Amino acid sequence: MRKWIKRTLIGVLGASVLIGGIAACSHRMHSHWGGAHMSETERVEWRAKMVERAGSKLDLDAAQKLKLTALADTLAAKRKTVIGQTTDPRAEVKALIAGERFDRASAQALVEGKTTALREASPAVITAAADFYDSLNAGQQQKLREFLDRGGRHRGSRS
């Protein structure tokens, strides 16, 4: 695999893990985990709540919170790009198995479309994630790494 593709995929994966880790800071899951049934207003409120919670856990200053907010907003915008115009992403997948045979051509087109969208969205996500991470001091970076090592679980949670 080409070096730049590998780096891009690792960067996107890292950014996803970072946001997933931040989202896991909440003490209870939202009833519509993943946001499929949330309105745009609910998503904005949820992101703001997660940024605030992560900010308190990492002792972020105002500038760092702005960078984290920018990262969350970038991820939200790029999520829309990757999902596309569909209102029901599952319907796209269901359509592949609706007939007697698996629709290979449509599956390939779907994968290529998502891959292209991901490739185009990744530089902005990587930049926002890097800007946020680079703004953290050594202690905050260590807290973030420890949180990710725990897999997003709180110390007292059940495994």
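Residues numbered from 1 in each chain as written. Predicted model: local features only at pLDDT ≥ 70, side-chain atom pairs only at ≥ 80, totals over all residues. Heavy atoms only, no water.

Caption draft 1: Molecular detail of the environment of G84. Note that G84 resides in the loop between α3 (62–83) and α4 (89–96). It is 8.9 Å that separates the C-alpha atoms of G84 and G113, two residues lying 29 residues apart in sequence. (Helix = DSSP H or I, 4+ residues; strand = E, 2+ residues; numbered from the N terminus.)

Caption draft 2: Structural detail: the nonpolar core. Core analysis: the biggest nonpolar cluster contains 14 residues, and L58, L60, L68, L71, F132 and L136 have the highest contact counts within it. Of all elements in the fold, only α2 (40–58), α3 and α5 (104–135) reach the threshold of two or more residues within this core. (Core = buried A, V, L, I, M, F, W, Y, C linked by side-chain atoms within 4.5 Å. Buried < 20%, exposed > 50% of the residue type's maximum accessible area, 1.4 Å probe, protein only.)

Caption draft 3: View of the environment of E92. Inspection of the secondary structure puts E92 in helix α4. In this structure E92 comes out as partly exposed when scored by relative accessible area, which is 27%. When the C-alpha atoms of E92 and A107 are compared, they prove to be 8.9 Å apart, with 15 residues separating the residues in sequence. Sequence-distant contacts of E92, defined by excluding residues within four places in its chain, comprise T86, L110 and K114. (Contact = heavy atoms within 4.5 Å.)

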